[in-house]
Amino acid sequence: MTLNKFLILFLLPLGLLGQEKITVSGYVFDEITGEPLIGAHVNDKVSKLGTVSNEAGFYSLTIPQSDSALIIVSFIGYEKKMERISKTQLINFKLSPGIEISEVTVIQSAGGDFIRKNEMSAVKLQPKQVNKLPGFFGETDIMKVLQLTPGVQSGGEAKSDIFVRGGSPDQNLILLDGVPLYYVGHFGGFLSIFNTDAIQDVNLIKGGFPARFGNRLSSVLEISMKEGNSSKLTIQGTLGLLSSKLLFEGPLVRDKASFMISARKNLVPVFKILDAGIDYNFYDFNAKATFKVSEKDKFFLSAYSGNDNVSVINSFNAENISQRDNRTNSWGSQFVALKWNRIFSGKLFGTNTIAYVGYNNKNNFDYTLKRDTLTDRLESQIRSGITDILFKSDFNWYLKPRFNIRFGQHLTFHRFMPNDEKFNADMNGQPGVKRVYNSQEQALETGFYVENNVPLKNFGFNFGMRFSSYHIKSQNYFSLEPRALLNCIVSDNFSIKYSWSRMNQYIHLLTYSGVGMPNDYWMPSNQTVKPEGSIQNTLGINSVIMNGNLEVSLESYYKKMNHLITFKAGESLIGNLKDWTKTIEQEGNGTAYGLEFFLQKPRGKTTGWLSTTISKSDRVFVHLNEGKSFPFKYDRLIDASLVIIEEVTKNISLSGNWSYGSGYPVTLPTEKYPGELGDVLVFEKVNSFRMRDYHRLDIAVNISKETSWGEQTWTFSIFNVYNRRNPYYYYFDREHLVSIDNSGGGIRVTGIEGDMRLLQKSLFRFFPSFAYSFEF
Amino acid sequence: MNYINMILNRVLIFCFFAFISWSCQTDMELEIELPEPKKKLVLNSTFTSFTPPYVKPLQVRLWNSWPVLDTSQAKQITDAKILWYENDQLLDSLYFDDTLNAYTLREFYFPVEGANYSIEILKDGYKNISAQNFIPPGVPIQDYKLVSFAGLNNDNLAYSSVSITFNDPEHTENYYEIIVTDVSNEKNKYRLWTNEKIITEEPWYPSVLSFDSKLPQRLLFNDKQINGTEKQIVFYFTPEQVIDKGKLKIRYSIIDIYLRSVTAEYYRYYTTLLQHKYNQKGDFFYGLSEPLNVFTNVENGYGIFAGFYNDAVTIEIDTLTIR
């Protein structure tokens, strides 16, 4: 596209617009909790013009001046509010919950948004409804519910990662209160760090990316923490098998300042109960304080800290000799953010954020052997992590009734620690070995964007441009990322949407496949490793049928990725104190394409959805698989989910979800031959085998009861109802038989090697669980 | 207080359910079938221009591959037709020598530096295989030094250190291998370790954390970091020793120390072979690396056909009482 053509498209909206008269703006809140309502509809009944509240709950609507202008504010699950407006003014709306409280589990842009809104490939979750779905170990998880939607894969049994449209987990921009997080798993990745009790809103974007988002290729997951109940003190708690949690929220100064603090920790030492020799602990902590300094200024202080620690200790003691080895793996994330929301005018809303974000992963190994007076000692520490300090500004400029502009900038100072290692060995008689490898690198990333959103009657578009730069040592990278989304509204019930997005990513994730504790290495682009890039095309049709009771969408996507990295075959960073770039394959290309079908019933006593995805994702690296294309490790050809929630009575709900996925690819040896060091295995082409198909049914019943002191809820759930043995990984094992011969007056025990077998490890079969929650 | 009692009751109920729930949890195993691939021939032959008088310079061993789930014992193939070419000229066909347990030429024959060698193997029921290679130019040991007692290892056994010095040729990519053997028994190779970065940074060298893995019997490295310079390599091994009347003694022995200049194919085969074996000791904590196939330069088959140049020094280790 030439520059002239682009400018014409960019400036086109200005010519399409009429004259505004008055502007009404402000926030939309929940009347009881004081939480902002994101995505609330604000419409003028007379002019038929409308808008939707943004991620801060702010709206701005410019309408022709009229004595009869009637502003109607609505949000699903809340009573509508109406207000006559005759002049430009700032007005906050407080909606009270009460209508259709049972509706909407997943909203793919609720109601008319589904057809009219200039967005596509978006999934919105409400944590209240997520809590009604069956949980893993009784623990509901936002990430696991997202895995039940089209184009989102789990990456393995009960895992909480998300693999979106053939991308890897590092290609998801996960924003908690606007701050990007890195690894988001607890409990070896089986549970996400997101505590549903502390979350207000969840929005996943898989395609048609607005220009305000950058530095990731595959998806944007926006999660907003609760601001805290501004009218009364509330305490919520849950006792669960996997973790227990407690949340406090309430006003600091009534209607001026509020807080929310939540903490979660595993209380049941499941591994100790099993006597597995493993000690596992995790916790997370969320806090947020909101200060309304004036009608136009709000400040937010948010914090998160979470950590997992797993250790295995082996010890042996005998006369004059003792041995102890301790392996510990710990990982965690932290962030602190200060955000300032300001209404500069009825038409201009701005957010400024300054934040610190940290992620670290540590592997420690200590070995001590004492014999008589001699002591051998070996210590190893491997650390990897990333620390960011970021400053960003985002502005919403509601320029005309059907034209708004978003623009902003971000500045991030990264400090990478790809693979710091320390190794000390003090073995008796040997010269002491001390090795230290420091890998730290610093980088500066900046970005600017502008985004034009034009929602017309029969047509809409969102054009944007993002420019980013990245500086590390003497290397500079620049990226220009145009984004476009077109929406052709054929009728009130049918629309066709198309989007084109160029994305860029300056950080890379190196991780080992297969089983094991999380070993995520976040690596920078540098002089030798280029930033990853992608281009995604998405075409979709959306329809509302059966009097608006059912919403249907069918989307196809095609995504090309370049400059991907992965470990070289047989390479590892562990114990090899060297430049990480020597351990990787670079310049990888990826292709992902698929068709996604989504049928939802968002309203009524019975709600739920059916999702089906047919997809393919491949990778090519020059030195892997003889340079030929091979399936991405998490390529799933067919994926389907059915989710149903039935509100039996006001206090009882039943829910169930069934999910199916064709088998993930796996690399297996098929041959062997004798070598100098024993049998040599010959692996078939990379990921040329498929594991068995995956399917599972989970059910749950929630029973709540109002008491004199508050509300309590019992949740009974069953994971894997029909006890399907789903694959977690494959491995080889050889039987070892023992022959006991007691002839000849003695016993002779002989070991016999039996057959070699390929076995499937399955983790979780039929598994009932229970959780108890209370709120007062 | 009533509230506290009530919550405590809930906690007890919760713990009961937690126990029931966890008791349902087990690992499961399910047998999976694999397709059986067609068997291929496996060639193992490394050759050089100089060997001790008791070692036949050209030896070729032949096997076949099996399905990975087949547990039958490997048997050498002894009835294949093997053709040996020097500079594309057929020299002879090899015969199977029962004494050597390998194919060899009837004539006592030394391959030479600078010539190209190729091999072609025909065997009913298998695809014909072929390979070619050469003997690289030699790099002599300039100097060496043995310290017969360099310290005690963590098993309280004595270890020795050896340093060898050589000049790496300029303008060529060179690959090396260090081996230590008994002088009377070339097959008895000592296990070696080193702190030299040009070796420890090789992907095949066992991680400092895999100290439970067996040490390698060969040290392989390339000249990317030392190209065209004089280099001294220090490495260690555990010499033969006994405990006699409560005293630890290093026994008298004679060892050969080889510095081999090897071809790229030789280097790639043995480094990937070592990496392949060490990687099979994956660790739940540290993650598993991606599977690695062992390099082969055998067309339609597996294994190695490669030349090397040997330079050796013979050293006597005197008896020494340690403690």
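Remember, predicted model here, so these are calculated numbers, not experimental data.

Student: Could you give an account of the sheet that holds strand E5 (residues 81–86) of chain B, with specific residues and numbers?
Tutor: Residue and element names in this part refer to chain B. If you trace the five strands from one edge of the open sheet to the other, you get E7-E6-E5-E8-E9, paired in antiparallel fashion. The outermost strands of the open sheet, each flanked by one partner alone, are strand E7 (102–104) and strand E9 (129–134). Along the sheet, successive strands turn relative to each other by an average axial angle of 25°, direction set aside.

Student: How would you sum up the environment of Leu 444 of chain A? Please name residues and give values.
Tutor: Residue and element names in this part refer to chain A. By the element assignment, Leu 444 lies in strand E29 (residues 441–455). With a relative accessible area of 35%, Leu 444 lands in the partly exposed category. Residues Leu 444 and Arg 415, 29 residues apart in the sequence, show an inter-C-alpha distance of 8.8 Å. Sequence-distant contacts of Leu 444, that is, excluding residues within four places in its chain, are made with Leu 411, Thr 412, Phe 413, Ser 469, Tyr 470 and His 471.

Student: An account of the nonpolar core is needed here, citing residue identities and associated values.
Tutor: Counting residues in hydrophobic clusters, the biggest one holds 68 residues, and the most contacted among them are Phe 194, Leu 221 and Phe 335 of chain A. Here the element with the most residues in this core is helix H4 (residues 142–146) of chain A; it accounts for four residues. Residues contacting Phe 335 of chain A, with those up to four places away along its chain left out, are Leu 176, Val 179, Leu 181, Met 225, Ser 302, Ala 303, Tyr 304, Tyr 356 and Val 357 of chain A. In terms of nonpolar packing, the next biggest core, distinct from the first, is built from 55 residues, Ile 164, Tyr 205, Tyr 267 and Ile 315 of chain B among them.

Student: So what's going on with the sheet that holds strand E14 (residues 192–194) of chain B? Which residues, and what values?
Tutor: All names here are of chain B. Ordered by their spatial adjacency, four strands build an open sheet running E10-E11-E16-E14, and the pairing between neighbours is antiparallel. Only two strands of the sheet have a single partner each, and these edge strands are strand E10 (141–152) and E14. For this sheet, the mean angle separating the axes of adjacent strands, direction not counted, is 30°. Across three bridges, E14 lies against strand E16 (residues 230–237) in antiparallel orientation. What sits directly across from Leu 192, in E16, is Phe 237.

Student: Give me the environment of Asn 320 of chain A: which residues, what numbers.
Tutor: Residue and element names in this part refer to chain A. As for its position among the elements, Asn 320 is in the loop between strand E23 (297–318) and strand E24 (321–345). A C-alpha to C-alpha distance of 7.6 Å links Asn 320 and Lys 370, two positions 50 residues apart in sequence. When sequence neighbours within four positions are dropped, the list of residues in contact with Asn 320 reads Lys 370, Arg 371 and Asp 372.

Student: Explain the pairing of strand E18 (residues 219–225) of chain A to me, and be specific about the residues and the numbers.
Tutor: All names here are of chain A. Of all seven residues that make up E18, seven are buried, and the element is covered over most of its length. The side-chain alternation of E18 yields two buried faces, one formed by Ser 219, Leu 221, Ile 223 and Met 225 and the other by Val 220, Glu 222 and Ser 224. When strand E13 (residues 172–176) meets E18, the two strands line up parallel, connected through five bridges. Note on E18: the bridge partner recorded for Leu 176 is Ile 223. As judged from the six bridges shared by strand E17 (residues 199–205) and E18, these two strands associate in the antiparallel manner. Bridge pairing in E18 links Ile 199 to Met 225.

Quick notes on the rules
- Residues numbered from 1 in each chain as written.
- Chains lettered and ligands numbered in written order.
- Predicted model: local features only at pLDDT ≥ 70, side-chain atom pairs only at ≥ 80, totals over all residues.
- Heavy atoms only, no water.
- Pairing = 2+ DSSP bridges.
- Helix = DSSP H or I, 4+ residues; strand = E, 2+ residues; numbered from the N terminus.
- Axes fitted to C-alpha atoms, helices over the stretch in contact; angles between N-to-C directions.
- Buried < 20%, exposed > 50% of the residue type's maximum accessible area, 1.4 Å probe, protein only.
- Contact = heavy atoms within 4.5 Å.
- Core = buried A, V, L, I, M, F, W, Y, C linked by side-chain atoms within 4.5 Å.

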